[in-house]
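Structure assessment
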Amino acid sequence: MKKIITVLIISLLVVSIGIICGCSKEDDSWKTNEKYDLSVPVLNQDGWYLVFEDDFDGSTLNENITFGERYNGNKEIWTTSPHAVRWESDDKNKPEQACYWCPELVEVKDSNAIIHSRYESDHKCDGDCPEEARFTSGIETRKIVGDNNNNKGTNDELLFSQAFGYFECRVKLPESQGLWSAFWLQSPNMRKVGNEGKDGTEIDVYESAFINSKQSKMGHALLWDGYSKDGKVSDYIGNLEQDLYDGYHTFALKWTPEYYVFYIDGAATWATSDGDVSRVKEFLRLTVEIDAGNGWGPHGQKIGDFDHSAAADDFMIDYVKVWQNENYEQFIQDDSEFEGDLDLG
């Protein structure tokens, strides 16, 4: 299912942006474009205010979250990623290479949300997981109503969502072959075709698919109009000096009504207005995924083969924080304002 020719459609990820939308991964003109303010926001200045900060200081999700004075939404904002198959095995003769998201692989400990990843031949849980497969998970601020395998946005309950603002996480990337972690935002409506990305865009703040790169790299991406024939993508792969697999690092997004700016360790690493910028509320996701048996990951990267005989490295999430800017709020639009049909391909 994740053969290189179908990675865009099925894995929601990027293979060949230059062919798909004509964008160059090596176009660094954003660095000198005066349209973009590349500075990192400062809390309580220029309209920025705290929405929430979660340091995972507890033993379960949704404990001891700090909410800003203006926040009046749900206080339980996190759940685990859909308890269902994430990728079917790429080899029908090896169904054990399928990847499942299971809440049993999420733990809150030592001021971290920890996502474990492992192969099990005797897996047991309160769900539809098989005994033998590859298991991992994630946390996100929406939950599926009904069938977890139908997670295309048609039955979402948004526990927390926001349009525009500043979103930052501090994490330790899992350093194991065959898997990658990601911090991303998504809208239930991003599969609606015909409005560019204004009615919802998958915003991949980062995807750690560069474990086998000869120099430190990281990718950011935007996807809109669904994942089928009408789907559009823009991505950027940047070179870095620091080793992102050594210790904790911060990954952030500044989402304004006019453009996006991405940051790693406080430095701007891409800015763009591709997709015409989403204007609707989106939910947060921090996830781990395992290859489907072919060793390929996002951005067309060879991430290696997942080792069934060894313990995989954990994804450690130290904190997640979200700010909003009072000057952006007037530009928020509701999903219902956009016409069009969902492409569920």
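What you are looking at is a predicted structure, and each value in this text was computed from that prediction instead of being measured.

Some details on the overall build of the protein chain
- Per the secondary structure count, the protein chain includes two helices and 22 strands.
- A globule of 345 residues ought to have a C-alpha radius of gyration of about 20 Å, and the protein chain, at 19 Å, matches this closely.
- Here the C-alpha coordinates of the protein chain stretch approximately 55 × 45 × 45 Å along the principal axes.
- Counting the 345 residues in the protein chain, one finds 54% classified as buried.
- The long-range share in the protein chain, meaning contacts at least 24 apart out of those at least 6 apart in sequence, stands at 69%.

Thoughts on the pairing of strand E21 (residues 283-290)
- Taken across its eight residues, E21 has eight buried, putting it largely inside the fold.
- Neither face of E21 is open: one carries Phe283, Arg285, Thr287 and Glu289, the other Leu284, Leu286, Val288 and Ile290, and all of them are buried.
- As paired elements, strand E10 (residues 138-140) and E21 share three bridges and run antiparallel to each other. Each residue of the ladder has a partner; that of Ile139, found in E21, is Leu286.
- When strand E14 (residues 179-186) meets E21, the two strands line up antiparallel, connected through eight bridges. Each residue of the ladder has a partner; that of Trp180, found in E21, is Glu289.

Considerations on the sheet that holds strand E3 (residues 79-80)
- Taken together, the seven strands give an open sheet; going across it, the order is E3-E10-E21-E14-E15-E16-E17, and neighbouring strands pair in antiparallel fashion. The sheet is open, and its two borders are formed by E3 and strand E17 (232-239), each paired with just one other strand.
- Relative to strand E15 (residues 202-207), E14 runs antiparallel, the two sharing four bridges. Following the sheet pairing, Leu185 is matched in E15 by Ile203.

Thoughts on the sheet that holds strand E9 (residues 133-136)
- Taken in spatial order, the four strands line up as E4-E5-E9-E8 in an open sheet, and their pairing is mixed. Unpaired on one side and paired on the other, strand E4 (84-87) and strand E8 (118-120) mark the two borders of the sheet. The average undirected angle you get between the axes of adjacent strands in this sheet is 40°.
- The pairing of E4 with strand E5 (residues 99-101) spans three bridges and is classified as antiparallel. Each bridged residue has a counterpart across the sheet, and for Trp87 the counterpart in E5 is Cys99.

Notes on unusual backbone geometry
- A positive phi angle is found at Asn62, which is not glycine, with a value near 70°.
- Mapped onto the secondary structure, Asn62 falls in the loop between strand E1 (48-54) and strand E2 (66-67).
- Backbone geometry places Asp110, a non-glycine residue, at a positive phi of 55°.
- Checked against the element boundaries, Asp110 lands in the loop between strand E6 (106-109) and strand E7 (112-115).

Quick notes on the pairing of strand E18 (residues 249-255)
- For E18, the buried fraction is high: seven of the seven residues fall into the buried class.
- The side-chain alternation of E18 yields two buried faces, one formed by His249, Phe251, Leu253 and Trp255 and the other by Thr250, Ala252 and Lys254.
- Of the pairings in the sheet, the one linking strand E13 (residues 165-172) to E18 comprises seven bridges and is antiparallel in character. Bridge pairing in E18 places Gly165 opposite Trp255.
- Pairing of E18 with strand E19 (residues 260-264), which is carried by five bridges, proceeds in the antiparallel orientation.

Concerning the environment of Ile303
- With respect to the helices, strands and loops of the structure, Ile303 is situated in the loop between E21 and strand E22 (315-325).
- When its relative accessible area of 0% is taken as the criterion, Ile303 is described as buried.
- Taking the C-alpha atoms as reference points, Ile303 and Phe251, separated by 52 residues in sequence, lie 20 Å from one another.
- When near neighbours in sequence (up to four residues on either side) are disregarded, Ile303 contacts Gln177, Gly178, Leu179, Trp180, Ala209, Ile211, Asn212, Asp291, Gly295, Trp296 and Gly297.

Things to note about the packing of aromatic side chains
- Inspection of every chain in the model, using the stated rule, returns 19 aromatic pairs.
- When the ring of Tyr236 is compared with that of Trp270, the centres are 5.8 Å apart and the planes differ by 10°; the resulting orientation is stacked. On the criterion of sequence distance, the pair formed by Tyr236 in strand E17 and Trp270 in strand E20 (residues 267-272) is long-range, its members being 34 residues apart. As far as burial versus exposure is concerned, Tyr236 and Trp270 are alike and both buried.
- Seen from their ring centres, Phe262 and Trp270 are 5.3 Å apart, and the 20° between their planes marks the pair as stacked.
- Looking at Phe262, the relative accessible area reads 0%, which means it is buried.
- Three or more aromatic residues joined by ring pairs form one cluster here, namely Trp48, Phe164, Phe167, Trp255, Tyr260 and Tyr328.
- The ring centre of Tyr49 lies 4.0 Å from the NZ or CZ of Arg70, which sits over that ring.
- Just above the ring of Trp87 sits the side chain of Arg86; from NZ or CZ to the centre is 4.7 Å.

The rules we used
Residues numbered from 1 in each chain as written. Predicted model: local features only at pLDDT ≥ 70, side-chain atom pairs only at ≥ 80, totals over all residues. Heavy atoms only, no water. Helix = DSSP H or I, 4+ residues; strand = E, 2+ residues; numbered from the N terminus. Rg over C-alpha atoms; globule rule 2.2 N^0.38 Å. Buried < 20%, exposed > 50% of the residue type's maximum accessible area, 1.4 Å probe, protein only. Contact = heavy atoms within 4.5 Å. Pairing = 2+ DSSP bridges. Axes fitted to C-alpha atoms, helices over the stretch in contact; angles between N-to-C directions. Phe/Tyr/Trp six-rings, centres within 6.5 Å; stacked < 30°, edge-to-face > 60°. Lys NZ or Arg CZ within 6 Å of the ring centre and 35° of its normal.

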